[in-house]
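Remarks on the overall topology
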There are 10 protein chains.
Amino acid sequence: MLYHVRMDVHPPHGIDPALFDRLKAEEKARAQALQREGKWVHLWRIAGQYANISVFDVESHDALHDILSTLPLFPFMEISVTPLARHPSAISTK
Amino acid sequence: MLYHVRMDVHPPHGIDPALFDRLKAEEKARAQALQREGKWVHLWRIAGQYANISVFDVESHDALHDILSTLPLFPFMEISVTPLARHPSAISTK
Amino acid sequence: MLYHVRMDVHPPHGIDPALFDRLKAEEKARAQALQREGKWVHLWRIAGQYANISVFDVESHDALHDILSTLPLFPFMEISVTPLARHPSAISTK
Amino acid sequence: MLYHVRMDVHPPHGIDPALFDRLKAEEKARAQALQREGKWVHLWRIAGQYANISVFDVESHDALHDILSTLPLFPFMEISVTPLARHPSAISTK
Amino acid sequence: MLYHVRMDVHPPHGIDPALFDRLKAEEKARAQALQREGKWVHLWRIAGQYANISVFDVESHDALHDILSTLPLFPFMEISVTPLARHPSAISTK
Amino acid sequence: MLYHVRMDVHPPHGIDPALFDRLKAEEKARAQALQREGKWVHLWRIAGQYANISVFDVESHDALHDILSTLPLFPFMEISVTPLARHPSAISTK
Amino acid sequence: MLYHVRMDVHPPHGIDPALFDRLKAEEKARAQALQREGKWVHLWRIAGQYANISVFDVESHDALHDILSTLPLFPFMEISVTPLARHPSAISTK
Amino acid sequence: MLYHVRMDVHPPHGIDPALFDRLKAEEKARAQALQREGKWVHLWRIAGQYANISVFDVESHDALHDILSTLPLFPFMEISVTPLARHPSAISTK
Amino acid sequence: MLYHVRMDVHPPHGIDPALFDRLKAEEKARAQALQREGKWVHLWRIAGQYANISVFDVESHDALHDILSTLPLFPFMEISVTPLARHPSAISTK
Amino acid sequence: MLYHVRMDVHPPHGIDPALFDRLKAEEKARAQALQREGKWVHLWRIAGQYANISVFDVESHDALHDILSTLPLFPFMEISVTPLARHPSAISTK
């Protein structure tokens, strides 16, 4: 099932740069692994913002929450989730 | 270039049902033609709402506006557009 | 899977009372049928408002959308959907 | 009486991790005790967010406030409360 | 129990003035009866607006909803309800 | 004259607990004195929140501001003030 | 006492132009009379909008409400009222 | 002086199409005349919306209001105005 | 020209009290000087809030920005500016 | 292609003034270089706020994001981007 997810990243002022760089590297590795697994099917940068719009394809809300809540940057993210259904005019699903 | 577009449809109370059905049929035909042309690359229904989230791949803002503003349902739609850039962690662009 | 759904009903001014009564009766029959099927698991009235908070247990976003979008009062409703995951402190799921 | 309660948890940046873990453990114990007492009747995680939607069944506003305001994580929570009445189409109350 | 209720009245343009006057007269009679019964304990006009702030003292959410939803002006009102608990610094409850 | 005042208290993270307890004790003493003087006529806790809804009966905006702005917790409060007029359906003023 | 009042005028589509012109003329006459009485002390147009910012100097909330609620355009106006106190740095009050 | 102005056009449902087309033609003529006079210095369409972002260069708020409030589509427009000052990093003003 | 300006002051928690007192004293001196120059024509305290509503009479947006952005408390203020035009019903301008 | 960009700068309390001054100087140099390259075509200060409204002329969303996300003050800025299309009434594009 497809979930539309917007993630806005708000690094707190004064966070240790080395720590945050490490978290960002882990986040990238996790994101790319999930993309290769076909779970994180779209990942776009919102132009001009430290935010992304993604689409996940996972089997349940729990599965989605397990992925999002264990992302290294989760503590610094504002996330909104929108369940996507099939559109009657869509000629493909993904 | 990719544009994230959210469209909320608000049919006014009292509109002639036959007219609106015709407009919806035209909208579907246009949407499917644009999908086949590769311009309307993603079209999803927001579960529970008369709204969709779409991604368009067109060459300019003018091209996007020409498409959206000539959609049959445009007069009844609330539309927000978000330009999408390439995400550094994305392993593919679409 | 559980979906938290809020429905605010906005009957347009001037709608034919007999028509709206018929729609409300159909809505009630549909709601009660879905409850007996175990799909509409909770239905509460927000005190003081023509609105409800519900929880649906259905297998997919598409299933949820098919139910909500075919409710007789759907054209007059403002709906927001929130996917619910299992809470680590919950001792039961429903 | 039923109260719909949404709790968004905002751990402040820089809080002592050990302290916060202890508070979370206490919170879990309290939440599970209240569930066993039948006061905290529903507890769901909002998928993708450090937030929950709950339903409490207690005898008064004061009782609800006493519970919520003494939760270990109360100082870090944004809480909204919505009183729930019986819906005319509901075939059960809980 | 005490409920803080804000009611904003939005008479639709074009409503039959005679009908609306009759509804307003019925609303006033009902409001005054409920005040004499001790259920509607405070009723104030928000200066400059067709809105009021009230406090109700009733035994349950259902009781509150039955009162509010049967007010003659209910179809034209935007209502928000806030449950009030006893404040630790209050020297009286009402 | 009656003023409806909502006060949301936001204690900053890291404030010295002993200091804040002292301020809260002073706040309580001031609130109770003002209630005995008949200026702070209603003080209710919003169930589930560190916030109150109050009604003040003072002779002018300046008088109200002098009271609110010298409350010990004023620096940590978000305050909104709504002037209350007599409602045509009210059978008493307080 | 001084009240800051913002009035946004929303003439409904389809209102009889002659009626609305008459109401506007009455509104102007009333506004100018109240200015000459010293009650409506400031009246400015918000540049680019059918809205004004005013300051009233009247003795009570009731007096303000009586003025505003009987303005000919009141039914078409969205009004917000802010009580103004004396500023410690102000070298004059008006 | 420069004013940033956003105009969102909301044609009411049911307006006479011939009338609205005439108003739009008048609007275009006025806009082009004002551009040639150097008053309306920038006029851009917001991609995907019946809205524009403009910059006006006029000598006063009154002058701006006279222009905007007499635009043929003014009754159907939601307008916000933002005064623009010279930016210290700008290498030109327009 | 007249500018309506609202200033909400948000002193950050933990700022050095002596520093902030000095800034407030400088702010007061500047405000009173500008009032005597006839630039800061109205300055009112919003009752119950650390905020003011002011009206400035200056010759340009740049002039206004130079004044506001050099106020000692500017770094701690949230400011909104509304250009005021002459109201057709106003019998005086200030 | 033209992008309308609003940038609100929120310097965190307690940031090292010397560091922030250096960042501001770098920001000014970058902004002026981009203006000379014809990419940053308009840059205006919003009167009364630490914010600007700009228009960029670049060939893609990625190009825009590369510019904005590498601005020295990017970590302290809240940015919103609006794609601008050609307006049918515009007599020039820039």
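Just so you know, these numbers come straight off a predicted model, no measurement behind them.

Here is what the cut-offs are and how they apply
- Residues numbered from 1 in each chain as written.
- Chains lettered and ligands numbered in written order.
- Predicted model: local features only at pLDDT ≥ 70, side-chain atom pairs only at ≥ 80, totals over all residues.
- Heavy atoms only, no water.
- Pairing = 2+ DSSP bridges.
- Helix = DSSP H or I, 4+ residues; strand = E, 2+ residues; numbered from the N terminus.
- Axes fitted to C-alpha atoms, helices over the stretch in contact; angles between N-to-C directions.
- Contact = heavy atoms within 4.5 Å.
- Least-squares fit on C-alpha atoms with pLDDT ≥ 70 in both.
- Polar contact = N/O pair within 3.5 Å; in protein donor to acceptor, adjacent residues only side chain to side chain.
- Nonpolar A, V, L, I, M, F, W, Y, C, P; charged D, E, K, R; others polar.
- Buried < 20%, exposed > 50% of the residue type's maximum accessible area, 1.4 Å probe, protein only.

Digging into the sheet that holds strand β3 (residues 51-57) of chain H
Reading around the barrel, the eight strands line up as β1(H)-β3(H)-β2(H)-β4(J)-β1(J)-β3(J)-β2(J)-β4(H) and close back on themselves, with antiparallel pairing between neighbours. With direction set aside, neighbouring strand axes in the sheet form an average angle of 35 degrees. Where strand β1 (residues 2-9) of chain J lies against strand β3 (residues 51-57) of chain J, seven bridges are found, and the strand directions are antiparallel. Bridging across to β3(J), J:M7 finds its partner in J:N52. Packing of helix α1 (residues 17-36) of chain H onto the sheet brings it into contact with β1 (2-9), β2 (40-46) and β4 (77-86) of chain H, and relative to β2(H) it is tilted by some 140 degrees.

Considerations on the relation of the copies chain G and chain I
The operation relating the two chain copies consists of a rotation about an axis and a shift along that axis. With an RMSD of 0.0 Å, the operation that places chain G on chain I is a rotation of 180 degrees combined with a shift of 0.0 Å along the axis. Taken together, the turn and the small shift mark the pair as related by a two-fold rotation axis. Residue by residue, 100% of the interface of chain G is reproduced at the interface of chain I, so both copies engage with the same surface.

Quick notes on the interface of chain B and chain A
Opposite the 29 residues of chain B that make contact, chain A presents 29 residues. Remark: the boundary between chain B and chain A carries 13 residue pairs in polar contact (both at pLDDT 80 or more). Grouping the amino acids of the side of chain B that touches chain A by side-chain chemistry returns 14 nonpolar, 10 polar and five charged. Of the strand pairs in this sheet, strand β2 (residues 40-46) of chain A and strand β4 (residues 77-86) of chain B are connected by three bridges, and their pairing is antiparallel. The partner of A:R45 across the bridge, within β4(B), is B:A85.

Looking at the sheet that holds strand β3 (residues 51-57) of chain C
Strand order in the closed barrel formed by eight strands is β1(C)-β3(C)-β2(C)-β4(D)-β1(D)-β3(D)-β2(D)-β4(C), and the pairing between neighbours is antiparallel. Ignoring strand direction, the axes of neighbouring strands in this sheet form an average angle of 35 degrees. Along the sheet, helix α2 (residues 61-69) of chain A makes contact with β1 (2-9) and β4 (77-86) of chain C together with β2 (40-46) of chain D, crossing β4(C) at roughly 70 degrees. Running over the sheet, helix α2 (residues 61-69) of chain C touches β1, β3 and β4 of chain C and is turned about 25 degrees from β1(C).

Quick notes on the side chain of C:H4
Relative to the elements of secondary structure, C:H4 occurs in strand β1. Residue classification places C:H4 among the buried residues on the basis of a relative accessible area of 7%. One polar contact links C:H4 to D:H4, side chain to side chain, over a distance of 2.7 Å. Apart from residues no more than four positions distant in its own chain, C:H4 is found in contact with C:I53, C:S54, C:S80, C:V81, C:T82, C:L84, D:H4 and D:I53.

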